[in-house]
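# A look at the structure
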Amino acid sequence: MKILLKISLALLILLFALFFILKLTGNSYLLKGLRSTYLQGASSATIDDARFFNTHPISTGNETWEWHIHPDYNKTALTPRLNEVLTENKSVAFLVIRNDSILSEYYWDGYSDSSRSNSFSMAKSITTLLAQIAIQKGVFESWNQKVISILPELKGDYAGELELWHLSTMSSGLQWEEHYKNPFAVTAKAYYGDDVWELMLSLPIESQPGVACNYQSGSTQLLGIALIKATGKTLSELASEWLWNPMQTNHDATWHTDDKGTELAYCCFNSNARDFARFGKLMLNFGNWNGTQVLDSAFVRKATTGALGAHYGYSFWLMPDYALPVFYQKGILGQYIISIPEYNMIIVRLGHQRQPNRDAYHPEDLYVLLEETLKMMKFL
């Protein structure tokens with residue numbers, strides 16, 4: 001009994017020492033990371049980790065709109081290859097919509113058409129859409145507005161040259177290494193830290209903006225902070241007022257925040273497959289939602305056209321080498337909203353993991369989703 005007490009006391013002392021060391025070194029965010037990953041049997045962020053974060057609500061409006069159910073709903077079976085990949089990657093939702101009608105819809109692992117799941121980086125597109133609406137409303141001057149005019153605290157030799165469009169097109173020149181496995185990297189600190197605003201304004205713009213596309217979650221976070229500063233509202237309030245209500249969503253959503261209440265603008269918009277699909281409909285219709293022009297159509301064309309690289313536009317991924325035009329939103333664990341203009345088709349997939357890239361830009365499972373769905377729908 002005495003030995004057990006000594007061991008317990010030693011462990012307690014060790015935990016207190018660890019806490020103070022992490023606190024003194026500025027790494028106390030690791031405790032939150034441990035709690036929400038390793039202590040849950042996971043090695044990194046998960047699609048249902050909202051329970052470990054503060055969140056802000058994104059409220060749906062009084063007027064809702066339902067997708068139509070196609071007469072042939074779920075009558076066409078998944079192809080063997082598609083079923084294999086969806087299963088192997090631990091999918092929780094798969095949805096195919098054409099001409100506003102649901103053709104195919106499957107859920108796994110207890111998820112349903114109303115279950116929320118973490119968007120991860122699909123939120124980058126949402127933050128960009130909010131920035132575009134801010135321009136339309138005159139809150140921002142244009143995509144060419146200098147960010148330093150909104151955030152005068154910006155640091156770095158090139159801070160004065162940074163424009164809003166650089167943040168959306170991943171060409172900011174920000175000091176940021178996108179690393180998902182290193183717990184000491186800035187990506188983990190932004191995700192689990194208690195003050196993402198302070199963190200972002202401590203990072204310099206260290207190279208010439210607008211020269212090269214370098215994928216950085218921090219760029220979108222700066223764009224989100226600029227939106228909050230310029231409007232005096234949270235991103236969740238803006239998303240509810242400017243997107244969620246106009247798109248007549250059926251369910252409230254949530255957005256992860258840090259401990260100070262700032263949304264993680266580059267990720268962590270929590271919603272379900274049917275409501276996520278609305279972003280595909282909005283973009284396929286050039287910003288028009290059932291007769292209401294939510295986004296400038298010229299911007300939609302620009303967003304889905306390569307900016308500094310052929311494969312990335314204004315926070316939308318592009319596939320210029322594919323057999324037909326495709327653009328999509330992507331999250332790190334294989335969250336996809338895929339838009340195929342030629343067939344007015346939207347594919348949504350949500351789940352726990354994805355496959356490695358087939359090429360320098362696009363994951364293998366993305367190609368499978370496209371090719372096998374088109375076969376299933378008799379287009380290939």
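Scroll up to find the structure.
### Description of the overall build of the protein
Along the backbone of the protein there are 12 helices and 13 strands. By the compact-globule yardstick of 21 Å for 380 residues, the protein fits well, its C-alpha radius of gyration being 21 Å. Counting only C-alpha atoms, the protein reaches 70 × 55 × 45 Å along its principal axes. When each of the 380 residues of the protein is scored for burial, the buried share is 54%. Intrachain contacts of the protein at a sequence separation of at least 6 include 69% that bridge at least 24 residues. Of the roughly 16,200 Å² that the protein leaves accessible, carbon and sulfur atoms contribute 54%. Where the 31 positive side-chain charges of the protein centre and where its 37 negative ones centre are 5 Å apart.

### So, helix 3 (residues 80-88)
Leu82, Val85 and Leu86 are the residues of helix 3 that are buried. Summarising the axial view, the buried residues of helix 3 lie within an arc of 100°, below the 170-degree limit, and thus occupy one face. As for helix 3, its buried residues are in contact with strand 3 (91-98), strand 13 (345-351) and helix 12 (364-376). Just past helix 3, the residue Lys90 takes up positive phi, approximately 55°.

### Observations concerning the sheet that holds strand 5 (residues 117-118)
Taken together, 4 strands build an open sheet; the order of strands is 1-6-7-5 and the sheet is antiparallel. Among the strands making up the open sheet, the edge pair consists of strand 1 (54-58) and strand 5. Its contacts with the sheet place helix 9 (residues 235-244) against strand 1, strand 6 (253-257) and strand 7 (269-271), and it is angled at close to 25° to strand 1.

### Brief notes about the pattern of salt bridges
The tally for this structure, following the rule as stated, stands at 13 salt bridges. Of the charged contacts in the structure, one is a salt bridge between Lys146 and Glu163, with a shortest N-O distance of 3.2 Å. You can see Lys146 sitting in the loop between helix 4 (122-136) and helix 5 (164-168) and its partner Glu163 sitting in the loop between helix 4 and helix 5, a full 17 residues away along the chain. On the accessibility criterion, Glu163 (14% relative accessible area) is buried. Here Asp195 makes a salt bridge to Lys260, at a shortest N to O gap of 3.2 Å. Here Asp195 is found in the loop between helix 6 (186-192) and helix 7 (196-200), whereas its partner Lys260 is found in the loop between strand 6 and strand 7, with 65 residues between them in sequence. Members of the salt-bridge network, linked through shared partners, are Glu105, Asp113 and Arg274.

### What about the sheet that holds strand 4 (residues 101-107)?
Spatial ordering of the open sheet is given by 2-4-3-13-12-11-10, a layout of 7 strands whose pairing is mixed. One side of each edge strand has no neighbouring strand; the edge strands of this open sheet are strand 2 (68-69) and strand 10 (317-318). Pairing between strand 3 and strand 13: 7 bridges, direction antiparallel. Counted as the bridge partner of Arg98 is Met345 from strand 13. Against the sheet, helix 12 engages strand 3, strand 4, strand 11 (327-331), strand 12 (335-340) and strand 13, with an angle of about 45° to strand 12.

What counts as what
Position numbers for residues start from 1 in each chain and track the written sequence from start to end. This being a predicted model, a pLDDT of at least 70 is required before a residue's local features are given, and a value of 80 or more before pairs of side-chain atoms are given or counted; all residues contribute to the totals for chains, interfaces and linings. To get the side-chain values, all heavy atoms of the structure are used, and hydrogens and water are removed first. Strands are runs of DSSP state E lasting at least two residues, helices are runs of H or I lasting at least four, and both sets are numbered from the N terminus onward. Values of the radius of gyration come from C-alpha atoms, whereas the globule rule sets the reference at 2.2 Å times the count of residues to the power 0.38. Exposure classes here rest on a 1.4 Å probe applied to the protein chains alone. A residue is buried below 20% of its type maximum, exposed above 50%, and partly exposed in between. Contacts are residue-level and defined by heavy atoms, with any inter-residue pair within 4.5 Å sufficient. Reported accessibility uses the Shrake-Rupley method at a 1.4 Å probe radius. Residues are deemed covered only where the shown protein chains occlude them. Lys and Arg are tallied as positive, Asp and Glu as negative. Neither His nor the chain termini are counted. Lysine's charge is taken at NZ, arginine's at CZ, aspartate's at CG and glutamate's at CD. The reported arc concerns the directions from the helix axis to the C-beta atoms and nothing else. Only strands joined by at least two bridges in the DSSP assignment are considered to pair. Only the stretch in contact is used when a helix axis is fitted, and all axes are lines through C-alpha atoms; the angle between N-to-C directions ranges over 0 to 180 degrees. The working definition used for a salt bridge is a side-chain nitrogen of Lys or Arg within 4 Å of a carboxyl oxygen of Asp or Glu.

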